Amino acid sequence: DYTGLTALDRLAAIGARGTGALSYVPEMKDETDHHHDLDWFVKQAENVQNDLDVAELDALQAAQGGLAGARPKLMIGMTQTRDKYHLDFGQDLPPGYERWLVKAKSKDDHPEIGAEEHAYALMARKAGLAVAETMVIATEKGHRLFATKRFDRTVNGRLHMHTASGLVYASHREPALSYEQLLKLTRALTRNEPDVEAMFRRMVFNVLSHNRDDHAKNHAFLMDGKGSWRIAPSYDLTFSSGPGGEHSATIAGEGKQPGFSHLMRVAAEANISKADAANCIDEVHSAIAMWPKWADMAGLSRKRTQEISKYINDDRNAPKASLANGPSPN
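First, a word on scope: everything that follows refers to the structure included in this document.

Definitions and limits used
- Residues numbered from 1 in each chain as written.
- Predicted model: local features only at pLDDT ≥ 70, side-chain atom pairs only at ≥ 80, totals over all residues.
- Heavy atoms only, no water.
- Helix = DSSP H or I, 4+ residues; strand = E, 2+ residues; numbered from the N terminus.
- Contact = heavy atoms within 4.5 Å.
- Areas by Shrake-Rupley, 256 points an atom, 1.4 Å probe, with all protein chains shown as cover.
- Core = buried A, V, L, I, M, F, W, Y, C linked by side-chain atoms within 4.5 Å.
- Buried < 20%, exposed > 50% of the residue type's maximum accessible area, 1.4 Å probe, protein only.
- Salt bridge = Lys/Arg side-chain N within 4 Å of Asp/Glu carboxyl O.
- Arc of directions from axis to C-beta.
- Phe/Tyr/Trp six-rings, centres within 6.5 Å; stacked < 30°, edge-to-face > 60°.

Attention now moves to the overall build of the protein chain. Secondary structure summary: the protein chain contains eleven helices and ten strands in total. Sequence separation of at least 24 residues holds for 66% of the intrachain contacts in the protein chain that already meet a minimum separation of 6. Of the roughly 16600 Å² of accessible surface on the protein chain, a fraction of 50% belongs to carbon and sulfur atoms.

The biggest cluster of nonpolar side chains holds 54 residues, and the ones touching the most others in it are Y120, F200, M203, V204, F205 and W291. If you tally residues by element for this core, the top one is helix α7 (residues 193–208), at eight residues. Aside from chain neighbours lying at most four places away, what touches W291 is A119, Y120, M123, L300, T305, I308, S309, I312 and N313. Counting 17 residues, the second-largest nonpolar core is a separate cluster that includes L38, A45, I76 and M135.

Moving on, we come to the pattern of salt bridges. By the definition in use, this model includes 13 salt bridges. Ionic pairing is found between E133 and R82, a salt bridge with its closest N-O pair at 3.0 Å. With E133 in the loop between α4 (113–126) and β4 (134–138) and R82 in the loop between β1 (73–79) and β2 (85–87), the pair connects residues that are 51 residues apart, well separated along the chain. Overall, R82 belongs to the partly exposed group, its relative accessible area being 21%. Here K103 makes a salt bridge to D236, at a shortest N to O gap of 2.3 Å. Separated by 133 residues along the polypeptide, K103 in strand β3 (residues 97–103) and D236 in the loop between β10 (229–231) and α8 (260–269) bring together distant segments of the chain. With relative accessibility at 5%, the residue K103 sits in the buried group. Counted as one network, the salt bridges with shared partners bring together R82, E98, E133 and K149.

The next subject is helix α10 (residues 291–298). Burial in α10 covers these residues: W291, W294, A295 and A298. Down the axis of α10, the sector holding all buried residues measures 100°, keeping them to one side. Backbone geometry just downstream of α10 places G299 in the positive-phi region, at approximately 80°.

Two aromatic rings, taken as a pair, are described by how far apart their centres are and by the angle between their planes. Tallying each qualifying case throughout the model produces four aromatic pairs. Taking 6.2 Å as the distance between ring centres and 85° as the angle between the ring planes, the aromatic pair formed by Y120 and F205 counts as edge-to-face. Linking Y120 in helix α4 with F205 in helix α7, this pair joins segments that are 85 residues apart in sequence. Classification of Y120 by relative accessible area gives buried; the value is 0%. With a centroid separation of 5.9 Å and an interplanar angle of 40°, the aromatic rings of F151 and Y235 are classed as tilted. Of this pair, F151 sits in the loop between β5 (144–149) and β6 (153–154) while Y235 sits in the loop between β10 and α8, placing them 84 residues apart in sequence. Taken together, Y120, F205 and W291 form an aromatic cluster joined through their ring pairs.

Structure representation (structure tokens):
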């Protein structure tokens, strides 16, 4: 009966499997069958989303490590050669294995969401964003799942992780933070100007790439062993129209049609120079202009590539770099 779970029950279920460095004891006894593969994961995720009672909820919950979100997620251990993997239930991994996160599609996702998110990751790296290693894993039954290496796990151990949502108690289920607030939060927490500039670049990328699912839980920070916080790599980057067709995080008060002037207003408020802001917009736009290349590298169909191109490479929709000489934010 999952309706009777208390907060302590939920923490016990997460145990040592969750994100970040925190673990919880006593840990709920693990009696799940670990002999599953990614096709099992896809099937169970579909069963849950279709409200079918045949879903193996205990095993699925254990393998998710307490992660939530619109898309079902799974923890795996994968070899450094990327040719073998097994499900990660929080156990010690064999030598040569690394911890990764795999996503299945939700009921509302495009069928090619796995390749699409990988293409966005390739594009984001070219745009200058820090993004963890990503790939598409093909299962035996033909599913193509997005996978990303976990950035809260290192060879030296676990890293503390906190989302903007958790830091300022902002809801991720509705628009609750602006990019101006995210930049202020980044500066206050990290005290590092390159991190502030990185958050600005992430905003520019999300605007130009039509990623409007930029709510407070999709921005995170990591703490190292010395207690210093830094901005975490970007994640959950993909094509999204957002709630009501708007960005979850507004840009100078605009969520539906943010343009160059809005980006520059945010830069001015964050004390980022006009020249640096315009150069950032140039670099991000140049990477997004190469969208067909990233889509092809990720194995995205030509049809889906062209559908997204209409939004991100249409002069009417993109506040691109040529506007760097445009109107003043004042």
